[in-house]
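# Structure assessment
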Amino acid sequence: MKKQLLIAGLVAAAAILAAAAGPAAMAAEKTDVTIRGAGASFPYPLYAQWAADYEKVIGAKIDYQSIGSGAGIQQIKAGTVDFGATDAPLKIDDLNKAGLVQFPMTAGGVVLIVNVKGVTAGKFNLSPFVLAQVFLGGISNWNDPKIKELNPDLTLPDLPITVVHRADSSGTTWIFTSYLDKVSKTWHEKAGADKAVSWPTGVGGKGNEGVSAYVQRVDGSIGYVEYAYAAQNSLAYTNLKNQAGKMLTPSIDTFQAAAANADWKNAPGYYMVLVDEPGDNSWPITGATFILIYKDQTDAVKAKAMLEFFNWSLTNGAPTATKLAYVPLPESLVKMIRETWSKEVKAVGQALWK
Amino acid sequence: MAIIDQVSGTTASYAPKSIEKASVERKLDLAFKWFTAAAALFIALIMAGIVANLIRFSLPAMKAFGLKFLADSTWNPVTERFGAASSIYGTLVSTALAVVIAVPLSLAIALFLVELAHPAVSRVVGGAIELLAAIPSIIFGMWGLFVFAPFVAKYIEPPLHSTLGWLPLFQGPPMGIGMITAGMILALMILPYITAITRDVLQMVPPVIKESAAGIGSTKWEVTWNVSLPYGMSGILGAIFLGLGRAVGETMAVTFVIGNDHRIAASLFAAGNTIASTLANEFAEASEDTYRSALIELGLVLFLITMVFQVVAHLWLRRVQKTSGRR
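Just so we're clear, the structure is a prediction, and the values are computed from it rather than from any experiment.

What counts and what doesn't
- Residues numbered from 1 in each chain as written.
- Chains lettered and ligands numbered in written order.
- Predicted model: local features only at pLDDT ≥ 70, side-chain atom pairs only at ≥ 80, totals over all residues.
- Helix = DSSP H or I, 4+ residues; strand = E, 2+ residues; numbered from the N terminus.
- Rg over C-alpha atoms; globule rule 2.2 N^0.38 Å.
- Buried ≥ 20, exposed ≤ 12 C-beta atoms within 10 Å, placed from the backbone.
- Contact = placed C-beta atoms within 7 Å.
- Pairing = 2+ DSSP bridges.
- Nonpolar A, V, L, I, M, F, W, Y, C, P; charged D, E, K, R; others polar.
- Expected span 1.5 Å × (residues − 1).
- Bend = angle between axes of the 7 residues up to and from the residue.
- Axes fitted to C-alpha atoms, helices over the stretch in contact; angles between N-to-C directions.
- Parallel < 35°, antiparallel > 145°, perpendicular 65-115°, else oblique.
- Left-handed = near helix turned anticlockwise from the far one by under 90°.
- pLDDT = per-residue confidence, 0-100.
- Right-handed = clockwise from strand over helix to strand, strands pointing away.

The number of helices and strands found in chain B is ten helices and four strands. Helices (α) and strands (β) of chain B occur, in sequence order from the N terminus, as β-β-α-β-β-α-α-α-α-α-α-α-α-α. For 327 residues, the compact-globule formula gives about 20 Å, and the C-alpha radius of gyration of chain B, at 27 Å, lies well above that figure. With respect to the principal axes defined by its C-alpha atoms, chain B has extents near 95 × 60 × 35 Å. Burial analysis of chain B (327 residues in total) assigns 36% to the buried set.

Quick look at the structure:
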């Protein structure tokens, strides 16, 4: 008798829960779209903020995982995410072969961070030559005369330099090594530019987060991270001399100056390298970051919601971007991107964006 | 069929029910045998499947690099030239370090818990050691990076460098992250396993033997060294190989603190990488075929290393059991 009562009670409870969940599920379905993206850790702070703001306004959920540009490209090619994000853009042939469309979302700067006693943010000077030598292992101590030459006012300790690079495949690495590749012939011969290279020296951290963690823990270390990581974790970023010979402190103006000169109209698939740009105020290690989506979308509702998120971010996301020191794209470029959507992105043969 | 009860002389008809029951029981026994055989075969098939897949997907890399793969320490995704040497070296060195640190400690702890401690203390400390085994490895990794690595950089590496710095093992800048920290964290992780098993093994030494030894005048140390340890040697060896097996494949804790550098360095202070840490870091993003195939070949190498350790453990145990008269 007791057992039958128990079973009856459980069935009743289950029925009530199901009934309650039903209408709730129906109501939630209106804004219950989840868009999944994965890729670069470079823009992750910005995408996370945009996603949070967008969810508050519209209700659609954007789930972005910062797993690195290489993984982002792999995941979108495998079809496990709705959009991929990468700092290392794909060339137009790769895009056409995979059936993907690529467009920039924002640009940012890669900065060097150091952990040396007495050195605070914006006080340490580096030149392209010294930077390349440090990462090649040619300059291995902080009291090296070539470093002293650039920093006559600082007393640097007799401490070996620990180089910190990325252990995983990374668009930030791609931007940084593209820069080193351009300014140092030795680097070009020894390592080259790619999302992952054979580093002549140093230890590897996982993600921008891993590199910042290592630099913070190891005394006498130097690493490269996206500017937002350095600013938000109050790390000591350095100055760098640019092509025009000016010693610049990284800031959003310098990133914007570098991005402004880019010729987007003549870039197939928006493929653009923004390192070592000319201009007095151009930060030498700037990079744009891109989104990859399929030209032929299977789920029209989700695809439209996705494009609406991107449009909202490109149109209304500028204040958030500037706050985190990412460069909001100019309106002319955003108009070009919208045209690309209407031309290229289709679902069942119908253009999704009008 | 009638059955005559021999004692009381009465007859009873057990026949149909008991024979039926016996045949049902026999069928159940057969079903039990087949079911357990199927479960065992299932595992064997999965194992074979995994190995077959490992070999199949590493064929491109095997064709590209051949046996050179095992001796080459280059790891260049740009020129697509890969070599497992630095990963194999890192795996073996970090495991060796872990075993060298953990085994004496575990033996000491187990001996303390069994022979020397008050039963209440033994219970509490034993419980704490077992809790150590329950800590997830990624927590060890995070603790290692945030707490242990700076500690090592400040209090362990400098004294080692100043006293033993003439050895190439202890040269180089004290970064805190590197082979020595990875080895120490691995030691902490395998310590509870070795301790728990050793403690059980030592508790199984018959008290009669220990008392006999004490009766002819042995000290506690002599009883331990000459009686308990030889008696439990095969069990202790088994425990050590269990710990070793765990250390070889340990991934997350090592990835955080080993520094991820594809280089063979003589110094323990230097960064390195293990097969497991390389796979954890690079597999998700390896998009080119040769890259991915090289990583899978690394996985195959790790599997072979583990297999070799298993075989060595097996042979060693048999030899010990032979000399101790158990076989």
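Turning next to the overall build of chain A. Across its full length, chain A carries 14 helices and 15 strands. In chain A, the proportion of contacts linking residues at least 24 apart, taken out of those at least 6 apart, comes to 72%.

Here we have three strands laid out as an open sheet, ordered 5-10-11 (chain A), and mixed in their pairing. Looking at the sheet topology across the chains shown, the edges are occupied by strand 5 (125-126) and strand 11 (247-248) of chain A.

All right, on to the sheet that holds strand 13 (residues 296-297) of chain A then. Residue and element names in this part refer to chain A. Ordered in space as 13-14-15, the three strands form an open sheet in which the pairing is mixed. At either margin of the open sheet sits one strand with a lone partner, and together these are strand 13 and strand 15 (350-351). Here two bridges tie strand 14 (residues 346-347) to strand 15, and the two strands are oriented antiparallel to one another. When the bridges of strand 15 are listed, Lys346 appears paired with Ala351.

Frequently, the measure chosen for interface size is the accessible area removed from exposure when the parts meet. Contact residues are listed per partner, giving 21 residues for chain B and 24 residues for chain A. Secondary structure elements with two or more residues in the side of chain B that touches chain A: strand 3 (75-76), helix 4 (137-164) and helix 9 (275-282) of chain B. Ranked by the residues each element gives to the side of chain B that touches chain A, the list is headed by helix 4 of chain B, at three residues. Within the side of chain B that touches chain A, the residues separate by chemical class into eleven nonpolar, seven polar and three charged.

Here the focus is helix 2 (residues 85-116) of chain B. Three- or four-residue spacings in an α-helix give side chains the same orientation, since the helix completes a turn every 3.6 residues. Between its first and last C-alpha, helix 2 of chain B extends 45 Å over 32 residues, near the 46 Å set by a 1.5 Å rise per residue. Maximum bend of helix 2 of chain B: about 25 degrees, positioned at B:Ala102, with proline B:Pro104 one to four residues after it.

Residue and element names in this part refer to chain B. The contact between helix 6 (residues 207-215) and helix 7 (residues 220-249) brings their axes to 10 Å, and the two run at 160 degrees. In this view, helix 6 runs roughly antiparallel relative to helix 7, as classed from their interaxial angle. Relative to helix 7, helix 6 is oriented so that their crossing is right-handed. Residues Ile209, Lys210, Ala213 and Ala214 of helix 6 touch helix 7, and the partners they reach there are Val223, Asn226, Val227, Ser228 and Tyr231.

On to the packing of helix 9 of chain B against helix 10 (residues 289-323) of chain B. All names here are of chain B. Orientation of helix 9 relative to helix 10, taken along the N-to-C sense of each, is 150 degrees, at an axis distance of 10 Å. Classed by the angle they form, the pair helix 9 and helix 10 counts as roughly antiparallel. For the element pair helix 9 and helix 10, the recorded crossing hand is left-handed. From helix 9, Ile275, Ala276, Thr278, Leu279 and Glu282 reach across to helix 10, where they touch Leu295, Leu298, Gly299, Val301 and Leu302. In terms of residue class, the contact of helix 9 with helix 10 is made up of seven nonpolar, two polar and one charged.

Turning our eyes to something else, we now look at the confidence of the model for chain A. In low-pLDDT regions, the fine details of the predicted coordinates are not to be read closely. Residues and elements named next belong to chain A. Of all residues in chain A, 92% attain a pLDDT of 70 or more, and the chain-wide mean is 87. The element-level mean pLDDT for chain A is lowest in helix 1 (residues 2-28), coming to 58, with helix 5 (residues 128-136) highest at 95. Across residues 22-30, where pLDDT falls below 50, the model places zero contacts with residues more than four positions away in sequence or in other chains.

Here A:Thr162 is to be found in strand 6 (residues 162-166). In sequence terms A:Thr162 and A:Pro145 are 17 residues apart; their C-alpha atoms lie 17 Å from each other. For A:Thr162, the residues in contact, after removing those within four places along its chain, are A:Gly202, A:Val203, A:Val218, A:Gly220, A:Ser221, B:Pro173 and B:Met175.

A regular strand places its side chains so that they alternate between the two faces of the sheet. Residue and element names in this part refer to chain A. Only one face of strand 2 (residues 61-66) is buried, namely the one carrying Ile62, Tyr64 and Ser66, since none of Lys61, Asp63 and Gln65 on the opposite face is buried. Pairing geometry for strand 1 (residues 34-39) and strand 2, over six bridges, is parallel. Across the sheet, the residue bridging to Gly37 is Tyr64, located in strand 2. With helix 2 (residues 44-57) bridging strand 1 and its parallel neighbour strand 2, the resulting β-α-β unit is right-handed.

All right, on to the environment of A:Tyr227 then. Residue and element names in this part refer to chain A. Tracing the backbone shows Tyr227 in helix 10 (residues 227-232). Note on Tyr227: 26 C-beta atoms within 10 Å, which makes it buried. Sequence separation of Tyr227 and Ile337 is 110 residues, and the distance between their C-alpha atoms is 25 Å.

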